Amino acid sequence: MSFETLRWRAGRLELLDQRWLPARVEFVACATAREVADAIRAMVIRGAPAIGCAAACGIALEATRLRDAPPAVFHSRMEQAFEALAAARPTAVNLFWSLGRMRDTLKAAGQAQPADVAAQLLEEAQRIVAADIAANRALGAHGAALLADRARVFTHCNAGALATAGHGTALGVVRSAVAAGKRVSVIVDETRPFLQGARLTAWELQQDGIPVTLVTDGMCGHLMSRGEIDAVIVGADRIAANGDVANKIGTYMIAVLARRHGIPFYVAAPLSTIDAALDNGGAIPIEERGASEVRGHAGLEWAPAGVAVRNPVFDITPAELVTALVTEKGVVRAPDRGKIAALLM
Ligand code: MRU
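First, a word on scope: everything that follows refers to the structure included in this document. Every value quoted in this text rests on a predicted model; they were computed, and no experiment measured them.

**Describing the packing of helix α4 (residues 93-108) against helix α5 (residues 114-144)**
Argument step 1. Interhelical geometry of α4 versus α5 gives an angle of 150° and a closest axis separation of 9 Å. When the axes of α4 and α5 are compared, the pair comes out roughly antiparallel. The handedness of the crossing between α4 and α5 comes out as right-handed. Of the residues in α5, those touching α4 at Trp 97, Ser 98, Arg 101, Met 102, Thr 105 and Leu 106 are Val 117, Gln 120, Leu 121, Glu 124, Ala 125, Arg 127 and Ile 128.
Argument step 2. Considered class by class, the residues forming the contact of α4 with α5 number seven nonpolar, three polar and three charged.

**Observations regarding helix α7 (residues 196-208)**
Argument step 1. Between its terminal C-alpha atoms α7 stretches 17 Å, which fits the 18 Å expected from 13 residues at 1.5 Å a residue.
Argument step 2. Taken residue by residue, α7 has Gln 196, Gly 197, Arg 199, Leu 200, Thr 201, Ala 202, Trp 203, Glu 204 and Leu 205 as its buried positions.
Argument step 3. Check the buried side of α7 and you find it contacts β4 (152-155), α6 (170-179), β5 (185-189), β6 (212-215), β9 (245-248) and β12 (296-297).

**Overview of the sheet that holds β5**
Argument step 1. Taken in spatial order, the seven strands line up as β6-β5-β4-β7-β10-β15-β16 in an open sheet, and their pairing is mixed. Every interior strand has two partners, whereas the edge strands, β6 and β16 (330-333), have only one. Each strand of the sheet is rotated relative to its neighbour by a mean of 25°, with strand direction disregarded.
Argument step 2. Alignment of strand β7 (residues 231-234) against strand β10 (residues 265-268), held across three bridges, turns out to be parallel.

**Things to note about empty space enclosed by the protein**
Argument step 1. In this structure the tally under the stated criterion is two cavities of 30 Å³ or more.
Argument step 2. Within this model, the largest cavity holds a volume of roughly 220 Å³.
Argument step 3. The set of elements that each furnish at least two residues to the lining of the largest cavity consists of α2 (48-65) and β9.
Argument step 4. Of the residues in the lining of the largest cavity, the class split is 11 nonpolar, nine polar and four charged.
Argument step 5. Surrounding the second largest cavity, Met 43, Pro 193, Phe 194, Gln 196, Lys 248, Ile 249, Arg 289, Glu 293 and Val 313 form its lining.
Argument step 6. For the lining of the second largest cavity, the residue count by class is five nonpolar, one polar and three charged.

Procedures and definitions
- Residues numbered from 1 in each chain as written.
- Predicted model: local features only at pLDDT ≥ 70, side-chain atom pairs only at ≥ 80, totals over all residues.
- Heavy atoms only, no water.
- Axes fitted to C-alpha atoms, helices over the stretch in contact; angles between N-to-C directions.
- Helix = DSSP H or I, 4+ residues; strand = E, 2+ residues; numbered from the N terminus.
- Parallel < 35°, antiparallel > 145°, perpendicular 65-115°, else oblique.
- Left-handed = near helix turned anticlockwise from the far one by under 90°.
- Contact = heavy atoms within 4.5 Å.
- Nonpolar A, V, L, I, M, F, W, Y, C, P; charged D, E, K, R; others polar.
- Expected span 1.5 Å × (residues − 1).
- Buried < 20%, exposed > 50% of the residue type's maximum accessible area, 1.4 Å probe, protein only.
- Pairing = 2+ DSSP bridges.
- 1 Å grid on protein atoms, 1.4 Å probe; cavity = no way out; pocket = protein on both sides within 12 Å on 5 of 7 lines; lining within 4 Å.
- Points joined across faces, edges and corners; volume = space filled by probe spheres on them.

Structure follows, in C-alpha cells:
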C-alpha cells in the first residue's frame, strides 16, 4: 500500500485524517484512549474494521501509558478507556468485537503487574491489526473469482484500505482481481453526506492506478438501466444472524436497483462484522449524526438556516437482496440464517 491508515510512531497511535483527504494528507497523533475515541467519533478514522483496529490500539495505548501505575489505578482507568471507546460510534460491530477481545486479554492476565498486562494488550492489538489484513487478503482472493475480466464494478462509500488495517473489503476484492490480471474498473458514488466515495474511494483507487469514475448518489439506476454496471460490491458495518446487512446510508437503494436490473449485489466483510447475537437487521442500532453534515460541508452551508434535517448514516439491506457474502472463509451465495451459522462454526 502507498499509505497507512493507522500506525505507531514514537509510542503514539497515528491515524491518517480522513476528514480532509484528499486535500490534505495528514496524521492525527493520539496519546490516550480518550483521544482515540474522540478521533473515531469525529471520523478521523472510519470504516468498520478500521474502527475496531483503532479501538484495540487505543486500549493498548492507554495500558502502556499506565504501565507504572498502581494496579488499582491501572484497572479503574482501563475501565474508563473501555467505556469511552465503546461509546464512540454505535453501528459497526467490529468496534465491540475488538474491545471484547481486548477485555478477554485483560481478564486472562489476572493479577499480573500493569507493565506485563500492557505488553499483552499491545500484542493482542497487533494480532487484531494483522488478522484484519490477512482476512481482507483472503476474502479478496475469494471475491476476485466472482469478477470477469473487464468487469465494471459499482461501489458505495469506502470499503477500502482506508476503512480497514489494509487491502480493504469491497476494494480488497477489486485489488485482488486486478492483481490476478483482470482489467477491472470501478464506478463509485459520492456517498453524501460525508463523501467517502468522492473523497476516499476515488483517492485510494487513484493511488493504486485502478481506473475509477465518480458519479453522484442518484446516478446508479440510470447507469444500471444502460447496462454500464456488471456487479455491485459493498462492505458492511454489521451483519445480523439472518444475513441482513447494515452499511452506509444509500446501500439499500442500490441493492433494490441491482435486483431490478438483474445485477449481482455482493457484500464483502470479515467474520468480525457478523453479529450472531442480533436476530435480524431491525435490531441493529443506526447512528444519526449531526445536521451540519447534511446542511453543507467543510464549513460551507447551502441549506436554508433552520430547515429540519435527518441524518441516519446507515441503512439495512435485507438478506434476500444479497447475491453473495464474501468472507475470509469463502463465498456464501444467498446468505441466510443457516449458512451464516455454519460460517461461524
Ligand atoms: O460512516 P463510515 O464511513 O464509518 O461508514 C463506513 C461504511 O459504511 C463502510 O462501507 C463499512 O464500514 C465497511 S468498511 C470495510
